Amino acid sequence: MLAPLAALGRGTLAALAGLGHVVLFALSTIQHMLTPPFYAKELAQASLMIGYFSLPVVGLTALFTGGALALQIYSGGARFNAEAVVPTIVAIGMVRELGPVLGGLMVAARVASSIAAEIGTMKVTEQIDALVTLSTHPMKYLTVPRVLAATLTVPVLVAVGDSIGIFGGYLVGTGRLGFNSAAYLTNTMQFLEFWDIASGLVKGAVFGFLIALMGCYYGMNSGRGAQGVGAATKSAVVAASVLILASNYVLTEVFFAA
Amino acid sequence: MIELKDVHKAFGPNKVLAGVDLKVERGTSTVIIGGSGTGKSVSLKCILGLIRPDSGQILLDGTDIIGQPSDFLDRFGMLFQGGALFDSLPVWQNVAFRLLRSPRKAEARDIAIAKLRRVGLKPEVADRYPAELSGGMQKRVGLARAIAADPDIIFFDEPTTGLDPIMAVVINDLIREIVTEIGATTITITHDMSSVRAIADRVAMLHAGRIQWEGPIGDLDTTEDAYIRQFVGGLAEGPIEAIR
Ligand SMILES: Nc1ncnc2c1ncn2[C@@H]1O[C@H](COP(=O)(O)OP(=O)(O)OP(=O)(O)O)[C@@H](O)[C@H]1O
Ligand SMILES: [Mg+2]
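Residues numbered from 1 in each chain as written. Chains lettered and ligands numbered in written order. Predicted model: local features only at pLDDT ≥ 70, side-chain atom pairs only at ≥ 80, totals over all residues. Heavy atoms only, no water.

With 32 residues, helix H9 (residues 225–256) of chain A ought to run about 46 Å at 1.5 Å a step, and its terminal C-alpha atoms sit 46 Å apart, in line with that. Packing partners of the buried residues in H9 of chain A comprise helix H4 (86–124) and helix H8 (194–220) of chain A. (Helix = DSSP H or I, 4+ residues; strand = E, 2+ residues; numbered from the N terminus. Expected span 1.5 Å × (residues − 1). Contact = heavy atoms within 4.5 Å.)

What follows is the structure, encoded as structure tokens:
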């Protein structure tokens, strides 16, 4: 009779323990981030891998999203003769919400998986052990550069995505919906506030941190063999995506609920 | 200088080490033999702090190093059984990994190439990536990495497995040389009896989680120990079961 309850309790405890491990891992990452040695070359490499090479996928995502958003707002706005809000809503929607969230999710798919697979493979082939025997701390050499790189570059990706998304809205607005080009741009700029943009960039930094953290966490805790690495990769992407959406809600609540 | 005292380690129900006692003197070459899966690699990893024993003591120059900060690893070199080369780095950076993070940074590449030569690899190999090398070449790169920074304690986990007979002799000679000329302390794991005879000052046999026999190399052929007799003779009949 108590069996279902016990199972529920076990599940809850396991989930809490997992959460505790992630929090400890995050704290340890931050601690190692602040103490030498620092690996500048690894940081540069990780920034290139995470930031630069994610530009195409983030750019394309933003372009199509901005375009679709313009169409949606136009047809929705037409119900109460408010078609003119298209530029403003596209801009606010992109920089506050869709730029960071969709950009973050795309980076999560690309980066959390590749980090988890790389570090997981290193774990399975004893490369992590080898690092330790060569007096190099795996957290400092592998985790810190990736987490730092993602925290710094994802906001930049978000800024680029925001611009491209607004440009996508502009293309559809002027090309398909008959907006005047100059008026579209004026409207975009007029109502956009500094905090709209800044909040999106802060979200980007948080998402970047979470993405790389999940990749490293699941990679470092990968099970043995190819199966272990596969499972780690999948878990990293799922966890990063869920954390992005959950933290996005929390951040939005903190930033805009007042 | 390295001493294991009653070291125990189990992975779940699998009791791998059940009271290992072993003493390794400075400047000597100890070879560990024993059946596959008896915990030879696990023993080395316990000393290096990569695996934490459940109980017992591991003394390095008299101080217990279990759970201690891994600063002592500066004195160690390790050849992993599977090579464990960093596949994101070219061969020479693998070999020079420790040097590149030390004051000897400027000469790191030259030293790496010299060490590669010592393990029988041409300088051309230096700029290739580990994935482009054969298994035996990877093993030798791992060996070059283990000795690159001239550590005073070196562990070799199956250094000649997967090498051709000629290369195996080269590597045996190299390990012997490192002990006699540089005075390093080494522990080598091997299944190859000709390696044992070429490398060892002392031999220890691991069986059923404990050191079954330990003694100087000269006693290997004269001992009455049934386990050693069976192992050295490669006999199917004896106290060691074929299915483990
Ligand atoms: N990280 C680990 N987790 C769980 N079990 C392990 C782990 N490492 C080793 N084992 C187990 O410990 C036992 C001893 O392994 P070990 O690698 O030390 O064997 P070995 O004596 O080196 O054998 P071989 O000669 O085949 O290399 C094996 O049963 C292995 O399954
Ligand atoms: Mg082994």
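What follows continues from the structure just given.
Bringing the nonpolar core into the picture now. Residues Ile-2, Phe-76 and Phe-155 of chain B are the most contacted members of the largest nonpolar core, which totals 83 residues. The residues touching Ile-2 of chain B, leaving out its near neighbours within four places in the chain, are Leu-22, Lys-23, Val-24, Ile-47, Leu-59, Leu-60, Ile-153 and Phe-155 of chain B. (Core = buried A, V, L, I, M, F, W, Y, C linked by side-chain atoms within 4.5 Å. Buried < 20%, exposed > 50% of the residue type's maximum accessible area, 1.4 Å probe, protein only.)

To continue, consider the pairing of strand S8 (residues 185–189) of chain B. Residues and elements named next belong to chain B. Among the five residues that make up S8, five are buried, leaving the element largely enclosed by the rest of the structure. Alternating residues of S8 divide into Thr-185, Ile-187 and Ile-189 and Thr-186 and Thr-188, and every residue in both groups is buried. Sheet topology note: the strand S7 (residues 153–157)/S8 ladder contains five bridges and is parallel. When the sheet's bridge partners are listed, Phe-156 is paired in S8 with Thr-188. For the handedness criterion, the β-α-β arrangement of S7, helix H5 (residues 165–182) and S8 is classed as right-handed. (Pairing = 2+ DSSP bridges. Right-handed = clockwise from strand over helix to strand, strands pointing away.)

Residues and elements named next belong to chain B. Read across the open sheet, the four strands follow the order S2-S1-S4-S5; overall the sheet is antiparallel. What marks the edges here is a single partner per strand, and that holds for strand S2 (14–24) and strand S5 (63–64). Here strand S1 (residues 2–11) pairs with strand S4 (residues 55–60) via five bridges, running antiparallel. For Glu-3, the partnering residue across the bridge sits in S4 and is Leu-59.

Attention now moves to the site of ligand 1. Inspection of the region around ligand 1 gives 15 residues, with Ser-36, Gly-37, Lys-40, Ser-41 and Gln-81 of chain B positioned closest. Lying at an intersection of chains, ligand 1 is approached by residues of chains A and B. For ligand 1, an oxygen atom lies 2.9 Å from a polar atom in the side chain of His-191 of chain B. Bound to the protein, ligand 1 loses 70% of the 630 Å² it would expose on its own. Those elements that place two or more of their residues in the shell around ligand 1 are S2 and helix H1 (40–48) of chain B. The element best represented in the shell around ligand 1 is H1 of chain B, accounting for three residues. (Near = heavy atom within 4 Å. Polar contact = N/O pair within 3.5 Å; in protein donor to acceptor, adjacent residues only side chain to side chain. Areas by Shrake-Rupley, 256 points an atom, 1.4 Å probe, with all protein chains shown as cover.)

Right, let's get into the layout of surface pockets. Size it by volume and the second largest pocket reaches roughly 320 Å³. Lining the second largest pocket are 17 residues, with Glu-42, Gln-45, Glu-118 and Arg-146 of chain A together with Ser-88 of chain B sitting closest to its centre. Secondary-structure elements contributing two or more residues to the lining of the second largest pocket are helix H2 (40–50), H4 and helix H6 (138–175) of chain A. Per-element tally for the lining of the second largest pocket: the top contributor is H2 of chain A, with five residues. Among the residues making up the lining of the second largest pocket, the classes are represented as 10 nonpolar, three polar and four charged. (1 Å grid on protein atoms, 1.4 Å probe; cavity = no way out; pocket = protein on both sides within 12 Å on 5 of 7 lines; lining within 4 Å. Points joined across faces, edges and corners; volume = space filled by probe spheres on them. Nonpolar A, V, L, I, M, F, W, Y, C, P; charged D, E, K, R; others polar.)

A separate point is the coordination of the magnesium ion (ligand 2). When a metal carries six donors in an octahedron, the ideal angles between them are 90 or 180 degrees, while four donors in a tetrahedron ideally lie at 109.5 degrees. Residue and element names in this part refer to chain B. Taken together, Ser-41 (OG) and Gln-81 (OE1) make up the protein donors of the magnesium ion (ligand 2), found 2.0 to 2.1 Å from the metal. Note that Ser-41 is positioned in helix H1 and Gln-81 in the loop between strand S6 (76–79) and helix H2 (91–95), a separation of 40 residues in sequence. The buried category is assigned to Ser-41, whose relative accessible area is 19%. Here Gln-81 falls in the partly exposed class, since its relative accessible area comes to 35%. (Donors = N, O, S within 2.8 Å, 3.2 Å for Na, K, Ca; no water.)

Over its 27 residues, H8 of chain A extends 39 Å from the first C-alpha to the last, a length consistent with the 39 Å expected when each residue adds 1.5 Å. For H8 of chain A, a buried count of 20 out of 27 residues is recorded, marking the element as mostly surrounded by other parts of the structure.

All names here are of chain A. If you trace the backbone, Met-106 turns up in helix H4. On the accessibility criterion, Met-106 (31% relative accessible area) is partly exposed. C-alpha of Met-106 to C-alpha of Thr-121: the two residues are 15 residues apart in sequence and 23 Å apart in space. Ignoring anything within four residues of it in the chain, the contact list for Met-106 reads Val-57 and Thr-61.

On to the confidence of the model for chain B. Per-residue confidence for chain B gives a mean pLDDT of 94, with 99% of residues at or over 70. The complex model carries a pTM of 0.92, and its ipTM stands at 0.93. (pLDDT = per-residue confidence, 0-100.)

A word on the side chain of Ser-199 of chain A. Along the chain, Ser-199 of chain A falls in helix H8. When residues no more than four places from it in sequence are discounted, the contact partners of Ser-199 of chain A are Arg-96, Phe-255 and Phe-256 of chain A.

To continue, consider unusual backbone geometry. Pro-36 of chain A connects to Pro-37 of chain A through a cis peptide bond whose omega is 0°. Considering the arrangement of structural elements, one finds Pro-37 of chain A in the loop between helix H1 (3–34) and H2. At Asp-6 of chain B, a residue that is not glycine, the phi angle is positive and equals roughly 50°. Along the polypeptide, Asp-6 of chain B turns up in strand S1. One non-glycine residue, Glu-158 of chain B, lies in positive phi territory at about 55°. Here Glu-158 of chain B is to be found in the loop between S7 and H5. For Glu-158 of chain B, a relative accessible area of 7% puts it in the buried group.

Now for the packing of aromatic side chains. Residue and element names in this part refer to chain A. According to the stated counting rule, one finds 14 aromatic pairs over all chains in the structure shown. Centroid distance Phe-25 to Tyr-217: 5.4 Å. Interplanar angle 75°. Geometry classified as edge-to-face. Note that Phe-25 is positioned in helix H1 and Tyr-217 in helix H8, a separation of 192 residues in sequence. A ring pair is formed by Tyr-52 and Phe-53, whose centres lie 5.6 Å apart and whose planes are at 70°; its orientation type is edge-to-face. The exposure class assigned to Tyr-52 is exposed, which follows from its relative accessible area of 51%. Among the residues examined, Phe-53 registers a relative accessible area of 43% and is labelled partly exposed. (Phe/Tyr/Trp six-rings, centres within 6.5 Å; stacked < 30°, edge-to-face > 60°.)

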